[in-house]
Amino acid sequence: MTRSIALSSLIFASLVTLAGCKREAPAVPAASDVAAPAKIVDSARISASDSEPGNWLSTGRGYNEQRYSPLDRITTGNVASLGLAWTYKVDVDRGAEATPVVADGVMYTTGAYSIVYAINAKSGELLWKYDPQINRAKSGNACCDVVNRGVALGHGKVFVAAFDGRVVAINAKDGSKAWETDASDGTGRTFALTGSPLLIGKRVLVGSGGAEFNARGYVSAFDIDTGKLAWRFYTVPGDPKKPDENPALTLARKTWTGDQYWQQGGGGTVWNGMAYDPETDLLYFGTGNGVSWNKLERGEPDGDNLFISSIVAVKATTGEYVWHYQETPNDNWDYDACANIVLADVEFQGQPRKVLLHAPKNGFFYVIDRTSGRLLSAEKFAPTTWATHVDLKTGRPVVDQKVADWSKEAKIVAPGPFGAHNWQPMSFSPKTGLVYIPVQDVASLMAPHKAPGFDNREGVWNIGGDLPLPDDDKVIAQIAGSLKGRLVAWDPIAQKQVWSQTHANIWNGGTLATAGNLVFQGTADGRVVAYSADRGEKLWESPANSGVMAGPVSYEIDGEQYISVMAGWGGVFPLIGGAIANYAKVRPEARVLSFKLGGKASLPAPKNEVVPLPELQALKADDKTLAHGAELFLGACAPCHGLNAVGGGVIPDLRYLTPDKHAIFAGIVAGARSDRGMPSFAGRFSLDEVEAIRQYLIKRSHDLKAALDAQAAPVAAK
Ligand code: CA
């Protein structure tokens with residue numbers, strides 16, 4: 001009995017953020033300093049990014065985060081001859097979510113566990129590597145893999161927001177550490193950094209994640225020379241016995257009830273998606289869900305719960321609140337407002353408007369006046385049932401509670417928590433006026449906990465409900481078949497789809513639009529694809545050996561235009577959604593792929609290991625113990641090892657645990673394999689609880705064997 005799974009050892013998480021900055025006097029001599037081996041990247045250069053189309057200086061290229069390249073050597077007419085210029089294999093085969101940045105011939109990117117790479121962008125040769133040595137015992141400190149969404153460049157340094165909560169400044173020249181600082185709030189709560197930082201002036205802006213783990217959301221601004229905290233904006237109110245950290249929180253507190261919210265951290269984490277407008281000095285960021293997802297389990301039957309699931313604008317120099325727009329008041333569905341934010345200057349109803357474009361998990365495409373925060377329009381860009389529409393007079397969604405309120409009884413809600421559009425970045429082409437969105441049709445069954453008295457625990461997912469998934473393989477296949485990924489070209493002014501391309505799976509990559517009338521996107525089934533931007537015709541594709549989630553970039557060296565993207569399957573879908581994601585049979589090989597016209601480099605053959613189902617352990621637990629084990633598994637183990645203990649191909653499928661691992665199971669749970677990325681749960685569970693989890697896994701191994709035997713039977717009969 002064999003079964004093909006991809007074996008890859010480790011885990012990580014990431015994010016993407018962007019911003020824009022105002023032209024300001026450069027703090028260092030720039031063009032005149034001929035002795036410098038490379039020019040200094042600063043806010044002025046990022047603000048004027050269109051004047052140097054050959055570079056990609058900040059995650060979203062410019063502060064407007066449009067992810068649009070003005071380069072046009074690669075066109076609809078010649079893209080068919082695009083080939084690999086080089087590839088670079090990163091250390092850890094876990095989710096690769098970083099958008100590389102490219103400055104003056106050097107690419108800077110990150111892989112799993114926040115490892116930073118500086119690569120010759122013409123040849124693919126490694127210049128230096130910086131490994132922040134994340135404690136892998138803490139690999140479970142984020143919901144969604146040990147990923148990282150990339151670095152910020154500035155004034156000779158490279159900034160990474162490391163998974164374990166440190167912000168590290170690295171000298172761009174040689175990869176040595178300049179400084180590091182702790183970005184935690186000092187409470188000891190579980191949180192993680194996965195997003196790319198943003199350079200604004202002489203500061204680096206960093207958000208944080210962990211709203212599934214009782215984190216409190218905030219954005220921090222650190223001085224780039226010293227690492228000293230300049231300001232911090234908390235997104236939800238804290239301990240009422242202490243003064244509110246900013247005046248906006250005093251107003252926000254009125255939208256919460258009781259004490260549970262601040263005792264549990266509150267959520268509203270800024271784990272992705274920042275943008276900046278240098279003209280107004282406004283920094284825009286999106287906030288995540290509350291703790292817990294289930295509004296009743298966080299004691300909030302109807303409060304708006306500011307500023308969760310909102311776009312917030314603050315002054316970048318001071319962190320002072322300016323405006324907010326809450327996309328999902330009283331969020332009950334994990335509708336993080338953390339998808340990337342795009343700024344554009346457009347004509348709206350005959351008037352020039354400075355707008356903010358956003359397509360968050362909740363399924364509505366928002367056009368917001370970014371100077372005032374006023375909602376201009378909001379329409380559904382994907383199947384969406386939780387609200388009928390957004391009332392433009394009040395700016396509020398009209399929620400269909402009958403359809404969508406799962407806090408007391410199970411409901412199928414669209415979109416589900418994977419989101420109609422998650423962190424995979426969308427792009428905007430000023431040439432076509434269209435936004436290119438990696439859309440997902442993802443209705444999900446959401447259900448309150450079966451057992452009364454939800455137990456909020458530090459260090460595990462506290463979503464306040466179950467994500468029930470039937471363990472019948474045929475039903476799983478049906479669900480997998482119903483999840484559709486699409487690349488959608490969206491007209492943000494008319495609020496309608498112009499074209500779309502359907503993919504085999506959800507969890508496809510971010511997009512890049514170019515002046516060559518092209519849109520590039522990697523896919524979950526392991527390809528990099530180019531389409532015409534105006535009509536959506538597929539013109540080219542290349543294999544990637546791995547699912548691709550990250551956003552591509554474009555740059556130019558010596559008259560040649562390159563398209564680069566990180567391949568590397570991982571993140572929340574293949575981890576928690578293993579049983580569904582498994583249908584794609586995607587590998588997690590993580591590498592940078594860089595293409596150019598006439599490129600002749602080749603991709604190494606994909607790994608494909610076949611692992612047999614080991615000898616089964618005896619099942620000794622009764623039904624009650626198994627149910628308890630299943631519930632514990634859901635909170636602590638399923639986020640990485642998959643619902644129903646079915647792996648998605650990135651990290652080990654625990655139904656395949658070998659007898660020697662069963663023998664030391666309690667030790668593994670307590671951290672014995674933390675060097676391999678298995679988090680330590682020491683002290684979190686009693687020995688009886690650990691054994692209940694193990695018995696549940698044994699049951700799932702027996703279930704698998706029965707299913708494989710049933711499949712094999714007709715073949716054997718032939
Ligand atoms: Ca979330």
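Residues numbered from 1 in each chain as written. Predicted model: local features only at pLDDT ≥ 70, side-chain atom pairs only at ≥ 80, totals over all residues. Heavy atoms only, no water.

Before going further, it helps to spend a moment on the sheet that holds strand β16 (residues 274-277). Taken in spatial order, the four strands line up as β16-β17-β18-β19 in an open sheet, and their pairing is antiparallel. Strand pairing shows two members of the sheet lacking a second neighbour, β16 and β19 (321-326), which therefore form its edges. Each strand of the sheet is rotated relative to its neighbour by a mean of 15 degrees, with strand direction disregarded. (Pairing = 2+ DSSP bridges. Helix = DSSP H or I, 4+ residues; strand = E, 2+ residues; numbered from the N terminus. Axes fitted to C-alpha atoms, helices over the stretch in contact; angles between N-to-C directions.)

Moving on, we come to the side chain of Arg 61. Locating Arg 61 in the fold gives a position in the loop between α1 (43-47) and β2 (68-69). Only 3.2 Å separates the side chain of Arg 61 from the backbone oxygen of Ser 49, close enough to count as a polar contact. (Polar contact = N/O pair within 3.5 Å; in protein donor to acceptor, adjacent residues only side chain to side chain.)

Here we come to helix α8 (residues 623-636). The first and last C-alpha atoms of α8 sit 20 Å apart over 14 residues, in line with the 20 Å expected at 1.5 Å per residue. What α8 keeps buried is the set Leu 626, Gly 629, Leu 632, Phe 633, Leu 634, Gly 635 and Ala 636. (Expected span 1.5 Å × (residues − 1). Buried < 20%, exposed > 50% of the residue type's maximum accessible area, 1.4 Å probe, protein only.)

Within the structure shown, the criterion is met by one disulfide. With a sulfur-sulfur separation of 2.0 Å, Cys 143 is cross-linked through a disulfide to Cys 144. An S-S torsion of about -105 degrees defines the bridge between Cys 143 and Cys 144 as left-handed. Residue Cys 144 is classed as buried on the basis of its relative accessible area of 19%. With no disulfide of its own, Cys 338 lies closest to Cys 143 among cysteine sulfurs, the gap being 9.9 Å. You can call Cys 338 buried: its relative accessible area is 0%. (Disulfide = S-S within 2.5 Å.)

Turning next to the pattern of salt bridges. Enumeration over the complete set of coordinates arrives at 40 salt bridges. For the salt bridge of Arg 527 with Glu 541, the shortest nitrogen-to-oxygen distance reads 2.7 Å. On the criterion of sequence distance, the pair formed by Arg 527 in strand β34 (residues 527-532) and Glu 541 in strand β35 (residues 538-543) is long-range, its members being 14 residues apart. One salt bridge in this structure joins Lys 699 and Asp 703, with 3.1 Å as the shortest N-O distance. (Salt bridge = Lys/Arg side-chain N within 4 Å of Asp/Glu carboxyl O.)

Moving on to the coordination of the calcium ion. Tetrahedral coordination by four donors places them ideally at 109.5 degrees to one another around the metal; octahedral coordination by six donors ideally gives 90 or 180 degrees. Every protein donor of the calcium ion is listed here as Glu 212 (OE), Asn 289 (OD1), Asp 334 (OD), Asp 336 (OD) and Asp 336 (OD), and their distances to the metal cover 2.3 to 2.7 Å. One chain supplies every donor to the calcium ion, and in sequence these donors are spaced E-x76-N-x44-D-x1-D. Here the residue Asn 289 occupies a position in the loop between β17 (282-286) and β18 (310-315), and Asp 334 occupies one in the loop between β19 and β20 (342-348), the gap between them amounting to 45 residues. (Donors = N, O, S within 2.8 Å, 3.2 Å for Na, K, Ca; no water.)

Once that is clear, we can look at the domain arrangement of the protein chain. Buried accessible area, meaning the area lost when the parts come together, often serves as the stated size of an interface. Taken domain by domain, the protein chain comprises domain 1 (3-441 + 483-597) and domain 2 (623-717). For domain 1 versus domain 2, the distance between C-alpha centres works out to 32 Å. Across the contact, 23 residues belong to domain 1 and 23 residues belong to domain 2. At the boundary of domain 1 and domain 2, one finds zero salt bridges. Elements with a minimum of two residues in the side of domain 1 that touches domain 2: α6 (572-576) and α7 (578-581). With three residues, α6 is the single largest residue contributor to the side of domain 1 that touches domain 2. Of the residues assigned to the side of domain 1 that touches domain 2, the class counts are twelve nonpolar, seven polar and four charged. (Domains from an automatic or database assignment. Contact = heavy atoms within 4.5 Å. Nonpolar A, V, L, I, M, F, W, Y, C, P; charged D, E, K, R; others polar.)

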